[in-house]
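Descriptive analysis of the structure
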Amino acid sequence: MTAVDQRQPVRRALIGVSDKTGLLELATGLHAAGVRIVSTGGTARVIADAGVPVTPVEEVTGFPESLDGRVKTLHPRVHAGLLADQRNAEHVEQIQRLGIEAFDLLVVNLYPFESTVGSGASPQECVEQIDIGGPAMVRAAAKNHGSVAVVVDPGEYGSVLAAVRAGGFTLAERQQLAVAAFRHTASYDIAVASYLGAALGPADDDSTGSGFPGWVGASWRRRAVLRYGENPHQRAALYANADGRSGLATASQLHGKEMSYNNYLDADAAWRAAHDHDGLCVAIVKHANPCGIAVSVTDIADAHRKAHACDPSSAFGGIIAANGEVSVDMAEQVADVFTEVVIAPAYADGAVDVLSRKKNLRILLAEPPRRGGVEFRPVSGGLLMQSSDAIDAAGDDPANWTLATGAPVDEATLADLAFTWRACRAVKSNAIVLGHDGATVGVGMGQVNRVDAARLAVARAGDRAAGTVAASDAFFPFPDGLQVLLEAGVRAVVQPGGSVRDAEVVAAAEAAGVPVYLTGTRHFAH
């Protein structure tokens, strides 16, 4: 047996945990295996109350817990016991001379800093949840993994007891635990630094006062290795933010084949598009662009019918996202069409059973995306950061729009303009969207000029273009793009405005008798 494979017995353990999940089972199992337990504060009380022998840490240090618990384990009798390399004869001789006994196992999880911040607690309450002794012990034991096993995850307690009963941990196992421990403290430090940096605000930035921090940290955990990436020759994996933030990356899959790289990209686009609308909404996406978005006042199945009718050919093999509970009626409609993924925040009784008739259909359950915040995009050698483009600017409210020409439209038409404007945000630029009755009718996306985007939207709508309203994600630089829409029979237009030729564009609409609203807000999506 090599040194790497040889097991080192666990004779003495130090336990101090904020999360008491599985604590009693662990302590009971360790005691039954003959392990002597030293513990801190509330952890020691829980163990003792269960009748398991435990030595309070203050009996080891000879120093009482002080400063409201800020000082408990910051003592040489703790840290020398964790840092003594038991393979080093000088270390062993020194701790024996000092009357210090080594630890073989450390079980620690840290103060709940992130959940405290997430609860909306006061700054002082959050600062009090910045753990000092815990990370110090974890790092000490992880550094000394040649002699000490360190455990930071309650989910590992079963493996801990199995190892102890088998004669202890191997060096390879201790090294693996040390890696997890350092990752744990790194993520914790990132959370603390990010919180304090955000509280500091522009003072953490340069003189521009941009509001963006001078330092950005993040920690990610791999959730899945994917079959391949965007193309079969590319490798791929899915990572989730280690702060536990909800989103598509942490969605539950209820049925179907495993998700692919492209499935995630399209599902994310559809999920965000569906949640751009306040009413019940269904978005159908293909290659990161909507091929149908629709809303309904009371019926999610109606929203799906209208979204699918926009472009049935493109919806084949698409991704469907709903911002409300998927009903059995909607499930029956989806089951009739080849679909890659359905994602929703809830499913009515029986809906998943209906959808599951398609054995490969991926059914996802996810919490609504958070609005606001920042988003990142990698570039060669770095990354870009920007505030997320949510439908929440003043220009997204029709009450703030400017009527540039024509008579004010009626309430129903204004509602269609508002819907179409929101739908336009989800479309890759250059984007033109035609809408009617709370549904997209024609979508022109990803074109390198606005005229072609208008032509594509009209072509996709066909005869249905007449009588629709239109939205443009950015201003018309010339009247020609608008002219395509006017000739197709569009009855009202909403666009940001801001072109040096706005007067010419507005004049073309005025000549056709078509109202034009200006939002002052742009929604490019690259």
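Quick caveat: nothing in here was measured; it's all calculated off a predicted structure.

This part is about the overall build of the chain. Scanning the chain from N- to C-terminus turns up 19 helices and 21 strands. Taken over the C-alpha trace, the chain has a radius of gyration of 30 Å; the compact-globule value for 526 residues is 24 Å, which it surpasses by more than 25%. Structurally, the chain occupies a C-alpha span of about 100 × 60 × 45 Å along its principal axes. Put simply, the chain has 526 residues, and 46% of those count as buried.

The full count for this structure, using the stated rule, is 16 salt bridges. Ionic pairing is found between Glu173 and Arg7, a salt bridge with its closest N-O pair at 3.2 Å. Pair noted here: Glu173 is in helix H10 (residues 171-200) and Arg7 is in the segment before strand E1 (12-17), with a separation of 166 residues, a long-range link. By relative accessible area, Arg7 is classed as partly exposed at 33%. With its nearest N and O atoms 2.3 Å apart, the salt bridge here joins Arg36 to Glu101. With Arg36 in strand E2 (residues 36-39) and Glu101 in the loop between helix H5 (89-97) and strand E4 (105-109), this pair connects stretches of sequence that are 65 residues apart. Under the relative-accessibility criterion, Glu101 is labelled partly exposed at 36%. In the salt-bridge network here, residues are joined through shared partners; they are Arg12, Arg36 and Glu101.

Turning our eyes to something else, we now look at the side chain of His277. Relative to the elements of secondary structure, His277 occurs in the loop between helix H11 (261-274) and strand E9 (280-286). Classification of His277 by relative accessible area gives buried; the value is 7%. Not counting residues within four places of it along the chain, the set of residues in contact with His277 comprises Ile293, Val295, Asn323, Arg371, Phe419, Arg422 and Ala423.

Using the criterion set out here, one finds two aromatic pairs in the structure. Summarising the aromatic geometry, the rings of Phe316 and Phe338 are spaced 5.1 Å apart at their centres and angled 55 degrees between planes, so their arrangement reads as tilted. Residue Phe316 is found in the loop between helix H13 (312-315) and strand E11 (318-322), and its partner Phe338 is found in the loop between helix H14 (328-335) and strand E12 (339-344); the two are separated by 22 residues along the sequence. We classify Phe338 as partly exposed; its relative accessible area is 41%. Centroid distance Trp401 to Tyr517: 6.0 Å. Interplanar angle 55 degrees. Geometry classified as tilted. In this pair, Trp401 sits in the loop between strand E15 (382-387) and strand E16 (402-405) while Tyr517 sits in strand E21 (residues 516-518), placing the two residues 116 residues apart along the sequence. Take Trp401 and Tyr517: they sit in the same class, and that class is buried. The side chain of Arg12 reaches across the aromatic face of Phe103, ending 4.1 Å from its centre.

What follows is about the nonpolar core. What tends to happen in soluble globular proteins is that the nonpolar side chains get buried as a cluster. With 27 residues, the main nonpolar core has Leu14, Leu82, Leu106, Phe113, Met137, Val138 and Val150 as its most contacted residues. Counting only elements with at least two residues in this core, the list comes to helix H3 (57-61), helix H4 (76-83), E4, helix H8 (133-143) and H10. The dominant element in this core, judged by the number of residues it contributes, is H10, at six residues. Not counting residues up to four positions away in its chain, the partners in contact with Val150 are Leu106, Val138, Ala141, Ala142, Leu177, Ala178 and Ala181. Residues Ala270, Ala273, Cys281 and Ile343 belong to the second largest nonpolar core, which totals 26 residues.

Our next topic: empty space enclosed by the protein. Tallying each qualifying case throughout the model produces one cavity of 30 Å³ or more. By volume, the largest cavity amounts to about 40 Å³. What lines the largest cavity is simply Ile284, His304, His308, Ala315, Ile320, Val337 and Thr339.

This part covers unusual backbone geometry. Cis geometry marks the peptide bond from Ser429 to Asn430; its omega dihedral reads -10 degrees. Note on placement: Asn430 falls in the loop between helix H16 (411-425) and strand E17 (432-436). Positive phi, normally seen in glycine, also occurs at His287, with a value near 50 degrees. Locating His287 in the fold gives a position in the loop between E9 and strand E10 (289-296).

Computed from the structure, the second largest pocket encloses a volume of approximately 1100 Å³. In this structure, the second largest pocket is lined by 34 residues; those nearest its centre are Val152, Asp153, Ala180, His184 and Arg221. Put simply, the parts of the chain that give the lining of the second largest pocket at least two residues each are helix H6 (113-118), helix H9 (157-165), H10 and strand E6 (220-226). Of the residues in the lining of the second largest pocket, the class split is 18 nonpolar, eight polar and eight charged.

What follows concerns a nonpolar patch on the surface. On the surface, Phe212, Val216, Val374, Phe376 and Leu383 cluster together to form a nonpolar patch covering roughly 430 Å² of accessible area. Topologically, Leu383 is positioned in strand E15.

Quick look at helix H2 (residues 41-49) now. Every buried residue of H2 is listed here: Gly41, Thr43, Ala44 and Ile47. Each buried residue of H2 sits inside an arc of 160 degrees when the element is viewed along its axis, so together they form one side. Across from the buried face of H2, at angles greater than 90 degrees, the exposed residues are Arg45 and Asp49. Buried residues belonging to H2 abut E1, helix H1 (23-32) and E2. Taken from the residues just after H2, Gly51 is the one with a positive phi, measuring 85 degrees.

Calculation rules
- Residues numbered from 1 in each chain as written.
- Predicted model: local features only at pLDDT ≥ 70, side-chain atom pairs only at ≥ 80, totals over all residues.
- Heavy atoms only, no water.
- Helix = DSSP H or I, 4+ residues; strand = E, 2+ residues; numbered from the N terminus.
- Rg over C-alpha atoms; globule rule 2.2 N^0.38 Å.
- Buried < 20%, exposed > 50% of the residue type's maximum accessible area, 1.4 Å probe, protein only.
- Salt bridge = Lys/Arg side-chain N within 4 Å of Asp/Glu carboxyl O.
- Contact = heavy atoms within 4.5 Å.
- Phe/Tyr/Trp six-rings, centres within 6.5 Å; stacked < 30°, edge-to-face > 60°.
- Lys NZ or Arg CZ within 6 Å of the ring centre and 35° of its normal.
- Core = buried A, V, L, I, M, F, W, Y, C linked by side-chain atoms within 4.5 Å.
- 1 Å grid on protein atoms, 1.4 Å probe; cavity = no way out; pocket = protein on both sides within 12 Å on 5 of 7 lines; lining within 4 Å.
- Points joined across faces, edges and corners; volume = space filled by probe spheres on them.
- Nonpolar A, V, L, I, M, F, W, Y, C, P; charged D, E, K, R; others polar.
- Patch = residues over 30% accessible without salt bridge, like charges linked within 9 Å, V, L, I, M, F, W, Y side chains within 5 Å.
- Areas by Shrake-Rupley, 256 points an atom, 1.4 Å probe, with all protein chains shown as cover.
- Arc of directions from axis to C-beta.

Function cannot be read off these values alone, since they describe shape.
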